[in-house]
Amino acid sequence: MNSKISIIGVPMDLGQNRRGVDMGPSVIRYAGIEERLKNLGYEVNDRGNIDIGRPPQLDVKNEDNLKDLEVVVEANQSLEEKVSEVIAEGDFPLILGGDHSIAIGTLAGVANKADNLGVIWYDAHGDLNTGETSPSGNIHGMPLAVSLGIGHPLLTEIGGYAPKIKPENVVIIGARSLDEGERKLIKEKGIKVYTMHEIDRMGMSKVMEEAIEHVSKNTDAVHLSLDLDALDPHDAPGVGTPVIGGPSYRETHLAMEMLAEKDIITSAEFVEVNPILDNKNQTAEAAVGLVGSLFGEKLL
């Protein structure tokens, strides 16, 4: 793992319609993420937050069934530029959300510096919708599809190129809430998915062994996109779209520890922490604990 980490906050809450997730970067910082990483021996540079604009009226759908499209595009363009800058300077980009629509900008910046990027999408949802398939029009349910080059051109062309990633280099872990259009796309593209059925039957250890092998094959970098709603709501209550029956905090720690052991992650983001819905900052503290494990923290 790179010894130099740059933290980028993205206080975005326009990819969905529940306010509060824009405070996610602040509460993750408050939970001690910088101190945690420095105690592990990393050089940490907190680069502050990306500026997020505000439309005159929130949650307005355009003719393509996309809410707040222009502002989401603008924020992700800024994020793509910042991530590209961080990588060019030799730092590990660690992005704090904000809703999951910010992965559009993250992946645009990361993939621009990789020839063949692998992606681990640790999430209760597939985030593979488009304006045509989305029941809500919320862009936070679309970033993986966008990064595959599927969706509105203002989103897919951020960074000046598309697609950012190939379906054969993606693994979704923890899925348990998929829309019909997402299920169709998964089958059409042959995307590797470990639902809770596979995690329950195989165990997290076996799932991660297979996932790591899959994303390491024929790739030169691997990005981790972790949505806190991947965890069971008992362990991460402060998220906007909780889905019961997810992996536990301990199982997710194991997943992060195994990634640390293999040392394959070259960029990461932790998203969807909403302190308004949380219990005494429990979810932000969970995020910081998982970051610690990803970067090699051990009891002994």
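Residues numbered from 1 in each chain as written. Predicted model: local features only at pLDDT ≥ 70, side-chain atom pairs only at ≥ 80, totals over all residues. Heavy atoms only, no water.

1. Quick look at unusual backbone geometry
Excluding glycine, most residues fall at negative phi; most peptide bonds, likewise, are trans. Cis geometry marks the peptide bond from Gly97 to Gly98; its omega dihedral reads 15°. Within the secondary structure, Gly98 is located in the loop between β3 (92–97) and α4 (103–111). That bond from Ala162 to Pro163 is cis: its omega, -5°, falls within 30 degrees of zero. Position of Pro163 among the secondary structure elements: in the loop between α6 (153–156) and β5 (170–175). Phi at Asp59 is positive, roughly 60°, even though this residue is not glycine. Tracing the backbone through its elements, the reader meets Asp59 in the loop between β2 (43–49) and α3 (69–88). Judged by its relative accessible area of 27%, Asp59 falls in the partly exposed class. Unlike most non-glycine residues, Glu272 shows phi in positive territory, near 75°. By secondary structure assignment, the location of Glu272 is in the loop between β8 (265–271) and α11 (282–294). (Helix = DSSP H or I, 4+ residues; strand = E, 2+ residues; numbered from the N terminus. Buried < 20%, exposed > 50% of the residue type's maximum accessible area, 1.4 Å probe, protein only.)

2. Comments concerning the pattern of salt bridges
Counted by the stated rule, this structure contains 13 salt bridges. Across the salt bridge formed by Asp59 and Arg19, the nearest N and O atoms sit 3.3 Å from each other. You can see Asp59 sitting in the loop between β2 and α3 and its partner Arg19 sitting in the loop between β1 (4–10) and α1 (24–30), a full 40 residues away along the chain. A relative accessible area of 28% places Arg19 in the partly exposed class. Between Arg183 and Glu180 there is a salt bridge whose closest N-O contact spans 2.8 Å. Taken together, the positions of Arg183 and Glu180, both in helix α7 (residues 180–189) and three residues apart, correspond to about one turn of that helix. A relative accessible area of 36% means that Arg183 is categorised as partly exposed. The exposure class assigned to Glu180 is exposed, which follows from its relative accessible area of 54%. Several salt bridges converge on common partners, so that one network encompasses Lys4, Arg47, Lys82, Glu85, Glu89 and Asp91. (Salt bridge = Lys/Arg side-chain N within 4 Å of Asp/Glu carboxyl O.)

3. Concerning the UniProt feature "binding site: Mn(2+)" (unreviewed entry) in the protein
As recorded in UniProt, the feature "binding site: Mn(2+)" (unreviewed entry) lies at His100, Asp123, His125, Asp127, Asp227 and Asp229. Spanning 130 residues, the named residues nonetheless gather at one spot, since no C-alpha pair among them exceeds 12.2 Å. As for the lining of the largest pocket, the annotated residues named previously contribute His125, Asp127, Asp227 and Asp229. Inspection of the secondary structure assignment puts His100 in the loop between β3 and α4. Look past the residues within four positions of His100 in its chain and what remains in contact with it is Trp121, Asp123, Asp127, His140, Pro143, Ser225, Asp227, Glu269, Val271 and Glu272. Among the polar contacts listed, one links the side chain of His100 to the side chain of Asp123, at a separation of 3.1 Å. Locating Asp229 in the fold gives a position in the loop between β7 (221–227) and α10 (249–262). Here Asp229 is in contact with Asp123, Ala124, His125, Arg176, Val239 and Thr241, once residues within four sequence places are set aside. (UniProt positions renumbered as here; feature names shortened; annotations may be inferred. 1 Å grid on protein atoms, 1.4 Å probe; cavity = no way out; pocket = protein on both sides within 12 Å on 5 of 7 lines; lining within 4 Å. Contact = heavy atoms within 4.5 Å. Polar contact = N/O pair within 3.5 Å; in protein donor to acceptor, adjacent residues only side chain to side chain.)

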